[in-house]
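Descriptive structure summary
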Amino acid sequence: MTDDKLAKLAFEIDDIIAALSIKHKIEPLTLTSVILARLVLANDFTGSGDDFRKIMSNIPDPRLPSNEAVH
């Protein structure tokens, strides 16, 4: 997958997350917990659960500068 396709996918996912948050009047952290749980199940189902957990355990902790926002 090219960088352009990955960027397009990321923007699309941002839009979906925002739309779900608004539609269900749900806080981002609550929505994140639901989405993360579904991602864990999907990866377990397809046999990539261990790799997914390794990826999750290695997420760095960068903070967005106060003047930046998620797309």
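Anyway, here's the lowdown on the structure attached to this text.

Reading guide: rules and limits
- Residues numbered from 1 in each chain as written.
- Predicted model: local features only at pLDDT ≥ 70, side-chain atom pairs only at ≥ 80, totals over all residues.
- Heavy atoms only, no water.
- Helix = DSSP H or I, 4+ residues; strand = E, 2+ residues; numbered from the N terminus.
- Buried < 20%, exposed > 50% of the residue type's maximum accessible area, 1.4 Å probe, protein only.
- Areas by Shrake-Rupley, 256 points an atom, 1.4 Å probe, with all protein chains shown as cover.
- Patch = residues over 30% accessible without salt bridge, like charges linked within 9 Å, V, L, I, M, F, W, Y side chains within 5 Å.
- Salt bridge = Lys/Arg side-chain N within 4 Å of Asp/Glu carboxyl O.
- Contact = heavy atoms within 4.5 Å.
- Polar contact = N/O pair within 3.5 Å; in protein donor to acceptor, adjacent residues only side chain to side chain.

1. Here's the deal with the overall build of the protein chain
A count of helical and extended segments in the protein chain gives 3 helices and 0 strands. Across the protein chain, helices and strands are ordered from the amino to the carboxyl terminus as α-α-α. Expressed as a percentage of the 71 residues in the protein chain, the buried residues total 8%. Accessible surface, the protein chain: about 6400 Å² in total, of which carbon and sulfur atoms supply 62%.

2. Some points on a nonpolar patch on the surface
The grouping of M1, L6, L9, I13 and I17 at the surface amounts to a nonpolar patch, some 470 Å² of accessible area in total. Within the secondary structure layout, L9 lies in helix α1 (residues 3-23). By relative accessible area, L9 is classed as partly exposed at 38%.

3. Looking at unusual backbone geometry
Positioned with a positive phi, K25 is a non-glycine residue whose angle comes to about 50 degrees. Counting through the fold element by element, K25 comes out in the loop between α1 and α2 (28-46). Taking relative accessible area as the criterion, K25 reaches 78% and is therefore assigned exposed.

4. Comments concerning the environment of N43
Mapped onto the elements of the fold, N43 is located in helix α2. Sequence-wise, N43 and R53 are 10 residues apart; in three dimensions their C-alpha atoms are separated by 9.1 Å. What N43 contacts, discounting residues up to four positions off in sequence, is S48, G49 and F52. Here the side chain of N43 touches S48 through a polar contact of 2.7 Å, side chain to side chain.

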